[in-house]
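# Results of the structural survey
Here's the letter readout for the chains.
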Amino acid sequence: MAANLSDMPLLAMLKQRMSWLSARQNVLAQNVANVDTPGYTARDLKPIDFQDVLHGATTDPKFSGGLMTTDSRHIALTPSQSAAFGDVASPDVEANPSGNSVSLEQEMIRVSDTQAEYQAASNLYAKAMSMMKTAIGGG
Amino acid sequence: MDFTTSLIVAASGMRAQSDRMRVIAENIANANSTAATPGGDPYRRKIATVKSEFDRELGATLVTPGKPVADSTEFRLQYDPGNPNADPKGYVKLPNVNSLVEIMDMREAQRSYEADLTVMDASKAMLTRTVDLLRK
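Residues numbered from 1 in each chain as written. Chains lettered and ligands numbered in written order. Predicted model: local features only at pLDDT ≥ 70, side-chain atom pairs only at ≥ 80, totals over all residues.

### Points about the overall build of chain B
Tallying secondary structure elements over chain B gives two helices and six strands in all. For 136 residues, the compact-globule estimate of 2.2 N^0.38 gives 14 Å, and chain B exceeds it by more than 25% at 22 Å. With the principal axes as the frame, chain B shows a C-alpha extent of 80 × 25 × 20 Å. A burial count over chain B gives 27% of its 136 residues as buried. Intrachain contacts of chain B at a sequence separation of at least 6 include 63% that bridge at least 24 residues. (Helix = DSSP H or I, 4+ residues; strand = E, 2+ residues; numbered from the N terminus. Rg over C-alpha atoms; globule rule 2.2 N^0.38 Å. Buried ≥ 20, exposed ≤ 12 C-beta atoms within 10 Å, placed from the backbone. Contact = placed C-beta atoms within 7 Å.)

### A look at the interface of chain B and chain A
Tallying the contact residues gives 28 residues for chain B and 27 residues for chain A. Residue assignment for the side of chain B that touches chain A shows that the elements contributing at least two residues are α1 (2-29), β2 (50-55), β3 (60-65) and α2 (99-132) of chain B. Ranked by the residues each element gives to the side of chain B that touches chain A, the list is headed by α2 of chain B, at eleven residues. Residue composition of the side of chain B that touches chain A, by class: twelve nonpolar, eleven polar and five charged. (Nonpolar A, V, L, I, M, F, W, Y, C, P; charged D, E, K, R; others polar.)

### Description of the pairing of β3 of chain B
Residues and elements named next belong to chain B. The pairing of β2 with β3 spans six bridges and is classified as antiparallel. Bridging from a neighbouring strand, Val50 pairs with Pro65 of β3. Connecting the antiparallel pair β2 and β3 is a turn made up of four residues, with Gly59 showing a positive phi of about 70 degrees. (Pairing = 2+ DSSP bridges.)

### Digging into the packing of helix α1 (residues 9-33) of chain A against α1 of chain B
Where α1 of chain A meets α1 of chain B, the axes come as close as 8 Å, and the angle between the chain directions of the two elements is 5 degrees. With respect to α1 of chain B, the element α1 of chain A is oriented roughly parallel. Residues Ser22, Ala23, Gln25, Asn26, Ala29, Gln30, Val32 and Ala33 of chain A of α1 of chain A touch α1 of chain B, and the partners they reach there are Asp2, Phe3, Thr5, Ser6, Val9, Ala10, Ser12 and Gly13 of chain B. For the contact of α1 of chain A with α1 of chain B, a count of residues per class yields seven nonpolar, eight polar and one charged. (Axes fitted to C-alpha atoms, helices over the stretch in contact; angles between N-to-C directions. Parallel < 35°, antiparallel > 145°, perpendicular 65-115°, else oblique.)

Structure (structure tokens):
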């Protein structure tokens, strides 16, 4: 049995969390860069639904939403990461007279929030790996 | 890699802000530049513009500095008959630069630049964090 590490439910969930956070960081960078562009609307990513992730992780080992392969000649299909997370106009900001709706303070809070959550996820990942090492007697 | 995209986007914002800063510096430096010929027009204030541009290869919205546009407000007139550039009535036209406005713009550009820098720092820290997983 070829066990792929990223097929483990915990690691797969962390992987998805980290991809989401990095995609969000990308959207926030665009907001901050466009802080003086007239007519620019601030955007943010839709939060991932924990129930969905948990459901996917516990019932379907390939919860990334791709096609299952039941034959060695099948080609696995996984949706591209950026297409998977939809972005939306961020709701709580009022546009200034030039039509720009980026609030620098709000964006800074979001950036540090994303960074902290990414740190948490990567720490959990490292912890899971070290537990695995303990289990195989390597650590 | 996604974090590299964030870094590129933040860098484009910083480039746009520093371009804006250059235009502001030109305005402040030329706040008292009169015309070369008597009665002619002095330095006209420039306004920096930025526009956003979707980069298909990157899949992100970058910022590019636009062409500076001329400020069409009136020139200041000062009675100074001794000035070599004065018109026959003794008035000299001075540039339509208001240093208070320029300094306000400068602070705004500086603030936006710092915000871009913060985003860059955060992205870099997250990237390092990911690479650090290899060490554990």
